[in-house]
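# Descriptive structure summary
What follows is each chain in one-letter form.
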Amino acid sequence: QVLRGGPEASGHHLDAALFLCYPPPDTPMALDALRKFKGNVVCYVGEWHGDTGTVAFETELSRGFVLNKEVPLPNWGDTSASLTVWERSASGVDLTKR
């Protein structure tokens, strides 16, 4: 089941994955959702170092989670989106403290 919600909703579903699909650039939405998220799996559709999310989001994600899988997606023109699946790292970085 996919539920709709903003960053505040991501902290209410401990047994669910966080699915971020083309989070807007230049806004803290993805970073806020990640910091509130208490689960173990993040599924991210977007461009790494591209036109989705922010550098701060990518930094937090790569510090607290380990890339488990990358699935190429159809792209056109100058896009490079993929689906990446991340699992919370064993080091247990607490993203809420940042």
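Here the residue index of a chain counts from 1 through its sequence in written order. Note on the predicted model: pLDDT of at least 70 is required for a residue's local features to be given, and 80 or more for side-chain atom pairs to be given and counted; whole-chain, interface and lining totals, by contrast, use all residues. Note that the side-chain values use all heavy atoms of the structure and ignore hydrogens as well as water.

## Things to note about the packing of aromatic side chains
Inclusion rule: Aromatic pairs are defined between Phe, Tyr and Trp rings, using the six-membered ring for Trp, whenever the two ring centres lie within 6.5 Å; interplanar angles under 30 degrees are classed as stacked, those over 60 as edge-to-face, and all others as tilted. Secondary structure elements are taken from DSSP: a helix is a run of H or I of four residues or more, a strand is a run of E of two residues or more, and numbering for both begins at the N terminus. Partly exposed describes any residue whose relative accessible area lies between the buried limit of under 20% and the exposed limit of over 50%, with all areas from a 1.4 Å probe on protein chains only and scaled to the type maximum.
With the rule as written, the count across this model stands at 3 aromatic pairs. Measuring from centroid to centroid gives 5.4 Å for Trp48 and Trp86, while their planes differ by 25 degrees, and the two rings are stacked. With Trp48 in the loop between strand E2 (41-46) and helix H2 (55-64) and Trp86 in strand E4 (residues 82-88), this residue pair connects regions lying 38 residues apart in the sequence. Looking at Trp48, the relative accessible area reads 33%, which means it is partly exposed. On the accessibility criterion, Trp86 (6% relative accessible area) is buried. What links up through ring pairs into an aromatic cluster is the set Tyr44, Trp48, Phe57 and Trp86.

## Concerning the packing of helix H1 (residues 29-36) against H2
For clarity, the threshold we go by: Axis definition: a line fit to C-alpha positions, over the contact stretch in the case of helices; interaxial angles, taken between N-to-C directions, run 0 to 180 degrees. Under this scheme an angle from 65 to 115 degrees is roughly perpendicular, one under 35 degrees roughly parallel, and one over 145 degrees roughly antiparallel; angles in between are oblique. The handedness criterion is simple: a crossing whose near helix is rotated anticlockwise from the far helix by less than a right angle is left-handed, and one whose near helix is rotated clockwise is right-handed. By definition, residues are in contact when any of their heavy atoms lie within 4.5 Å. Under the grouping applied here, Gly and all other residues not named as nonpolar or charged are polar, the nonpolar ones being Ala, Val, Leu, Ile, Met, Phe, Trp, Tyr, Cys and Pro and the charged ones Asp, Glu, Lys and Arg.
Two elements in contact, H1 and H2, have axes separated by 8 Å at closest approach and are oriented at 25 degrees. Of the possible angle classes, the one that applies to H1 and H2 is roughly parallel. The two elements H1 and H2 cross, and the hand of that crossing is left-handed. Side by side, H1 and H2 meet where Ala30, Leu31, Leu34 and Arg35 of the first sit next to Ala56, Phe57, Glu60 and Leu61 of the second. Residues of the contact of H1 with H2, tallied by class, amount to 6 nonpolar, no polar and 2 charged.

## Description of the side chain of Thr84
Filter applied, for reference: The term polar contact refers here to a pair of N or O atoms within 3.5 Å; inside protein, the definition further demands a hydrogen-donor-capable atom paired with an acceptor-capable atom, and it admits residues adjacent in sequence only when both atoms are side-chain atoms.
Tracing the sequence through the fold places Thr84 in strand E4. Given the relative accessible area of 7%, Thr84 is considered buried. Among the polar contacts listed, one links the side chain of Thr84 to the side chain of Trp86, at a separation of 2.9 Å. The contacts of Thr84, once residues within four sequence positions are left out, are Val42, Cys43, Tyr44, Leu67, Lys69 and Glu70.

## A few points about the nonpolar core
Side chains of a nonpolar character, in soluble globular proteins, are inclined to be buried together. The criterion, for reference: We call a set of buried residues a nonpolar core when its members are Ala, Val, Leu, Ile, Met, Phe, Trp, Tyr or Cys and they connect through side-chain atoms within 4.5 Å of each other.
Ranked by size, the top nonpolar core spans 13 residues in total, and within it Leu20, Val42, Phe57, Leu61 and Phe65 carry the most contacts. Here this core gets 4 residues from one element, more than from any other, and that element is H1. The residues touching Phe57, leaving out its near neighbours within four places in the chain, are Leu20, Ala30, Leu31, Leu34 and Tyr44.

## Structural notes on the state of the cysteines
Worth spelling out the cut-off: Note on terminology: pairs of cysteine sulfur atoms within 2.5 Å are recorded as disulfides.
Under the criterion given, the structure shown has 0 disulfides. Free of any disulfide, Cys21 has its nearest neighbouring cysteine sulfur in Cys43, separated by 11 Å.

## Quick look at unusual backbone geometry
For Tyr22, which is not glycine, the phi dihedral falls at a positive 50 degrees. The exposure class assigned to Tyr22 is partly exposed, which follows from its relative accessible area of 44%. Of note in the backbone geometry, Asp26 takes a positive phi value of approximately 60 degrees without being a glycine. Looking at where Asp26 falls in the secondary structure, it is placed in the loop between strand E1 (18-21) and H1. Looking at Asp26, the relative accessible area reads 75%, which means it is exposed.

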